[in-house]
Amino acid sequence: MKKYLLTLAAMAGLMVPAGAVDRVTHDPNAVNTETILHVWSWNFPTITAHMQQIADAGYTMIQTSPVQTCFNPQGTSKRIFGQRPDGVYEGWFFYYQPLDWKVGNHIVGTKEEMQVMLDEAKKHGIRVIVDVLPNHTSFSTDSVAPEYYKAVGGRKKMFHTKGLTPVKNYSDRYQCTLQGCGGLPDVNTENPRMQAYYMNFVNELLAMGVRGFRYDTAKHIGVHSDPTDKEAGIKVNDFWDVATGRKAARGVKLALPMDSLFVYGEVLQDRGVPEKEYADYFGMTASGYGWNLCQALEKHSAKGIDLVSWHHGVAPEYLTTWVESHDTYCNGNETAGISDEMIRCGWVFLTARQNGTPLFFNRPAGSTRSNYYGNNVLGERGNDEFFHPEVVAVNKFRAAMAGEKEDLQFSDSGELMLVNRGNKGAAVVNIATTSRALDLATSLPAGEYFDQVYGQPFIVENGRLKGVCKGATTYILKAK
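Residues numbered from 1 in each chain as written. Predicted model: local features only at pLDDT ≥ 70, side-chain atom pairs only at ≥ 80, totals over all residues. Heavy atoms only, no water.

Q: Looking at this structure, how should I read the pattern of salt bridges?
A: Opposite charge on two side chains lets them pair, provided their charged atoms get close. Enumeration over the complete set of coordinates arrives at 26 salt bridges. Salt-bridge contacts for Glu34 lead to Arg127; the nearest nitrogen and oxygen are separated by 1.9 Å. Separated by 93 residues along the polypeptide, Glu34 in the loop between α1 (8-12) and β1 (36-38) and Arg127 in strand β7 (residues 127-132) bring together distant segments of the chain. You can call Arg127 buried: its relative accessible area is 12%. The closest approach of N and O atoms between Arg79 and Glu90, which form a salt bridge, is 2.5 Å. Taken together, the residues Arg79 in the loop between β3 (68-70) and β4 (81-83) and Glu90 in strand β5 (residues 89-91) connect sequence positions 11 residues apart. If you follow the salt bridges from partner to partner, you end up with Asp131, Arg214, Asp216, Glu266 and Asp327 in one network. (Salt bridge = Lys/Arg side-chain N within 4 Å of Asp/Glu carboxyl O. Helix = DSSP H or I, 4+ residues; strand = E, 2+ residues; numbered from the N terminus. Buried < 20%, exposed > 50% of the residue type's maximum accessible area, 1.4 Å probe, protein only.)

Below is the structure:
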């Protein structure tokens, strides 16, 4: 157990003082080295079977899909997305509809299978993050486990006073935190009995070996400055104080120190969201940056798009970053039309950077730009992109660049992007569809270099990196 009690600094490759973490003030010397593979919709046996491959690909963490008991109408959900002949839908979205806080569901597998997976992850030095969602239950409130209702004090105590009323204005913090997100019934997360019941689940996961959490719809759970559900007798929004171990709920407290865990919240950027207040509790998602990066990939040019700034009020060393997420791929299909090659280019650029902890979303196996769900089988491994040689090369490059600051360069056309890391390495990305000649400033020592994947030659002369880059291709260079 002791070997897992690492500080957040050690886990993220950061140099930060002990004690309270300031996630707002950027430390220019902070360098992140970790990478996350989102094993989206893989079941536990599948994850276990591929753990060696994940480790070999250079990932240091994996993020699972939700593991709690979830809605399963009439034994459906064998496909990632679809509709049966009888009209009943089945799909990935059901595990975002909790029925109880017990480990195991029909999509990811049993508690016993999860323990086998966690033990295998430990053998390979991989930390496991679980996607958790205490904010809401299933649409089918009649399907919620009687034990869950009893534990929180009954149905009336389960939900906020207006928790069954859908949010209409997401910029209104009362609606955003006390009404139904996407119409899902909004749980009274300030109810001490609910908090204790949920924390028992969290502590069970920690005892099994889980070492981090992604909090779904985190911005829909209020912080101290947000309105409280006065009609329900709530005086303070204290869920995050309990979830992060600052206080106990009915004697139940987070079993491990927060600084031993990797925790981030899905606080999607929007007007009026108190990002800095959330940052007092955990790291956050850089959704705005991901959107900008995808705009550049779709245009095949970063010209006129700011890819240097992280576009966030929180220090970049505490942001979880992505090119795309399961939501941008599946919910609105915003990124589903972008080619695998372009997503790969975005990943290399993002992962080569100094800060952020990048998360690689593994698209479904067999997916194409006209068939987003491919083989459409829940539980199976996704496509091969997570271990593409360019992806593996940049994952290992990131770890090797510990301590090295970044310098970003872009060609006048915005088609070529260069991430210099001190004088030790550089990542070259061509987001044009055809070959381009590279001539950009670098700190690499003068001499000839060969890309880590393709052996493509480059040369550094008079502080300029020169070479020829194929379309939609990336290159990793390291100083000797």
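What follows continues from the structure just given.
Q: What is the right way to read empty space enclosed by the protein from this model?
A: By rolling a water-sized probe across the atoms, one finds the places where empty space is left. Tallied over the full model, the rule gives 5 cavities of 30 Å³ or more. One number sums up the size of the second largest cavity: a volume of about 50 Å³. What lines the second largest cavity is Trp40, Ser41, Ile80, Asn362, Arg363, Pro364, Ala365, Val377, Gly379, Glu380, Arg381 and Gly382. The residue inventory of the lining of the second largest cavity, partitioned by class, reads 5 nonpolar, 4 polar and 3 charged. (1 Å grid on protein atoms, 1.4 Å probe; cavity = no way out; pocket = protein on both sides within 12 Å on 5 of 7 lines; lining within 4 Å. Points joined across faces, edges and corners; volume = space filled by probe spheres on them. Nonpolar A, V, L, I, M, F, W, Y, C, P; charged D, E, K, R; others polar.)

Q: Can you help me understand the side chain of Asn395 in this one?
A: Turning to its location among the elements, Asn395 is positioned in helix α14 (residues 389-400). Polar side-chain contacts of Asn395 include one of 3.2 Å to the side chain of Trp347. In this structure Asn395 touches Thr35, Ala57, Gly58, Tyr59, Trp347 and Thr351, once residues within four positions along its chain are discounted. (Polar contact = N/O pair within 3.5 Å; in protein donor to acceptor, adjacent residues only side chain to side chain. Contact = heavy atoms within 4.5 Å.)

Q: Help me understand unusual backbone geometry in this model?
A: The phi torsion of most residues other than glycine is negative, and most of the peptide bonds are trans. In this structure, Ser41 takes a positive phi of about 70 degrees despite not being glycine. Counting through the fold element by element, Ser41 comes out in the loop between β1 and α2 (44-49). Taking the relative accessible area as the measure of exposure, Ser41 reaches 2% and is therefore buried. Of note in the backbone geometry, Asn376 takes a positive phi value of approximately 60 degrees without being a glycine. Here Asn376 is to be found in the loop between β12 (357-361) and α14.

Q: In this structure, what is going on with the packing of aromatic side chains? I would like to understand it.
A: The geometry of an aromatic ring pair comes down to the distance between the two centres and the angle between the two planes. Counted by the stated rule, this structure contains 32 aromatic pairs. Ring geometry for Tyr198 against Phe239: centres 5.8 Å apart, planes inclined by 45 degrees, an arrangement best described as tilted. Note that Tyr198 is positioned in helix α8 (residues 192-208) and Phe239 in helix α9 (residues 239-243), a separation of 41 residues in sequence. Geometrically, the ring pair formed by Phe458 and Tyr475 is edge-to-face, given 5.2 Å between the ring centres and 65 degrees between the ring planes. Residue Phe458 is found in strand β18 (residues 457-461), and its partner Tyr475 is found in strand β20 (residues 473-478); the two are separated by 17 residues along the sequence. Over the ring of Tyr318 we find Arg23, and its NZ or CZ is 5.9 Å from the ring centre. (Phe/Tyr/Trp six-rings, centres within 6.5 Å; stacked < 30°, edge-to-face > 60°. Lys NZ or Arg CZ within 6 Å of the ring centre and 35° of its normal.)

Q: Is there a simple way to think about the environment of Arg193 in this case?
A: When you line up the elements, Arg193 lands in helix α8. As for Arg193 and Arg271, which are separated by 78 residues in sequence, their C-alpha atoms are 32 Å apart. When neighbours within four sequence positions are excluded, Arg193 is seen to be in contact with Lys150, Ala151, Val152, Gly153 and Arg250. Among the polar contacts made by the side chain of Arg193, one reaches the main-chain carbonyl oxygen of Lys150 at a distance of 3.3 Å.

Q: Just to check I follow, could you spell out the packing of helix α13 (residues 340-352) against α14 for this structure?
A: Two quantities define a packed helix pair, namely the angle between the axes and the distance from one axis to the other. The geometry of α13 relative to α14 is characterised by a closest axis approach of 9 Å and an angle of 5 degrees between their N-to-C directions. In terms of their interaxial angle, α13 and α14 are classed as roughly parallel. Side by side, α13 and α14 meet where Arg344, Trp347, Val348, Leu350, Thr351 and Ala352 of the first sit next to Glu390, Val391, Val394, Asn395, Phe397 and Arg398 of the second. (Axes fitted to C-alpha atoms, helices over the stretch in contact; angles between N-to-C directions. Parallel < 35°, antiparallel > 145°, perpendicular 65-115°, else oblique.)

Q: Could you clarify how one ought to interpret the packing of helix α4 (residues 111-123) against α8 in this entry?
A: In the contact formed by α4 and α8, the axes pass within 10 Å of each other and the chain directions differ by 45 degrees. Judged by the angle between their axes, α4 and α8 are oblique. On the side of α4, the interface is formed by Lys111, Met114, Gln115 and Leu118, while α8 contributes Glu204, Leu205 and Met208. The residue makeup of the contact of α4 with α8, split by class, is 4 nonpolar, 1 polar and 2 charged.

Q: Which parts of the structure should I look at to understand the environment of Leu178?
A: Structurally, Leu178 can be placed in helix α7 (residues 173-178). Classification of Leu178 by relative accessible area gives buried; the value is 2%. Setting aside chain neighbours within four positions, we find Leu178 in contact with His160, Lys162, Gly163, Asp186, Pro227, Thr228 and Asp229.

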